[in-house]
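Results of the structural survey
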Amino acid sequence: MNPQKPSEIFQIRLRTAREELRKWSQSKLAEHAKLPPSSIAHFETGTRKPSFDTLRRLANALEVSTDYLLGRVELPGMAEAGDPLYRDMGKLTGHDREIAKDFLQMLATKNQAKKE
């Protein structure tokens, strides 16, 4: 059993995701999450708790799951089950999966060409 309180786990996980996974300053995270930089400092010191909407914005900005930030899972990766693309892909079989994979590759290539 983990002796830390959930709020303490959140503080640690938020800082870890920001510093170690993204190598961002508090200001950079605030910019990506569209929050004031002071809010990030308050969350990391535990003087404030995020709302559900803010928690989601932080997780999206850091590209981690909310479950990771809350200490429910150990790995920070996005929860595939929460992504409709992964959910729907799992419903396909055989040849349809290959068509979907080729289509996604074509879209990714097209998107990359636009950036260049």
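A short tour of the structure in this document, coming up. (Residues numbered from 1 in each chain as written. Predicted model: local features only at pLDDT ≥ 70, side-chain atom pairs only at ≥ 80, totals over all residues. Heavy atoms only, no water.)

Let us now look at the pattern of salt bridges. Under the criterion given, the structure shown has 10 salt bridges. Among the ionic pairs, Asp67 bridges to Arg72, the shortest N-O distance being 2.9 Å. A relative accessible area of 27% means that Asp67 is categorised as partly exposed. A cluster of three or more residues bridged by salt bridges with shared partners is formed by Arg15, Arg18, Glu19 and Glu44. (Salt bridge = Lys/Arg side-chain N within 4 Å of Asp/Glu carboxyl O. Buried < 20%, exposed > 50% of the residue type's maximum accessible area, 1.4 Å probe, protein only.)

A few words now on a nonpolar patch on the surface. A cluster of nonpolar side chains, contributed by Phe103, Leu104, Met106 and Leu107, occupies part of the molecular surface with about 340 Å² of accessible area. Overall, Met106 belongs to the partly exposed group, its relative accessible area being 41%. (Patch = residues over 30% accessible without salt bridge, like charges linked within 9 Å, V, L, I, M, F, W, Y side chains within 5 Å. Areas by Shrake-Rupley, 256 points an atom, 1.4 Å probe, with all protein chains shown as cover.)

Attention shifts here to the nonpolar core. In terms of nonpolar packing, the biggest core is built from 18 residues, with Phe10, Leu14, Leu29, Leu58, Leu62, Val64 and Leu69 touching the most fellow members. If you list the elements that add at least two residues to this core, you get helix 1 (6-21), helix 2 (26-33), helix 3 (37-45), helix 4 (52-62) and helix 5 (66-69). Among the elements that line this core, the one with the most residues is helix 4, at 5 residues. If we skip the residues at most four places from it in the chain, Phe10 touches Phe43, Pro50, Leu55, Leu58 and Leu69. (Core = buried A, V, L, I, M, F, W, Y, C linked by side-chain atoms within 4.5 Å. Helix = DSSP H or I, 4+ residues; strand = E, 2+ residues; numbered from the N terminus. Contact = heavy atoms within 4.5 Å.)

The next thing to look at is helix 3. Among all positions of helix 3, only Ser39, Ile40, Phe43 and Glu44 are buried. For helix 3, the buried positions fall inside an angular range of 130° around the axis, keeping them on one side. The elements touched by buried residues of helix 3 are helix 1, helix 2 and helix 4. Where helix 3 terminates, the next one or two residues include Gly46, which has phi positive at roughly 85°. (Arc of directions from axis to C-beta.)

We now examine the packing of helix 2 against helix 4. Helix-helix packing is characterised by the crossing angle of the two axes and by the distance between the axes. Interhelical geometry of helix 2 versus helix 4 gives an angle of 110° and a closest axis separation of 9 Å. When the interaxial angle is binned, helix 2 and helix 4 end up roughly perpendicular. Counted together, Leu29, His32 and Ala33 of helix 2 and Arg57, Leu58, Ala61 and Leu62 of helix 4 form the full contact between these two elements. In the contact of helix 2 with helix 4, the residues fall into 5 nonpolar, 1 polar and 1 charged. (Axes fitted to C-alpha atoms, helices over the stretch in contact; angles between N-to-C directions. Parallel < 35°, antiparallel > 145°, perpendicular 65-115°, else oblique. Nonpolar A, V, L, I, M, F, W, Y, C, P; charged D, E, K, R; others polar.)

This part covers the packing of helix 1 against helix 4. Relative to each other, helix 1 and helix 4 sit at 30°, their axes nearing to 10 Å. The orientation of helix 1 relative to helix 4 falls into the category roughly parallel. Considering only the axes of helix 1 and helix 4, their crossing is left-handed. Each of Phe10, Leu14, Ala17 and Arg18 in helix 1 lies in contact with helix 4, whose residues at this interface are Leu55, Leu58 and Leu62. Classifying every residue of the contact of helix 1 with helix 4 gives 6 nonpolar, no polar and 1 charged. (Left-handed = near helix turned anticlockwise from the far one by under 90°.)

Purely geometric numbers; function is a separate question.
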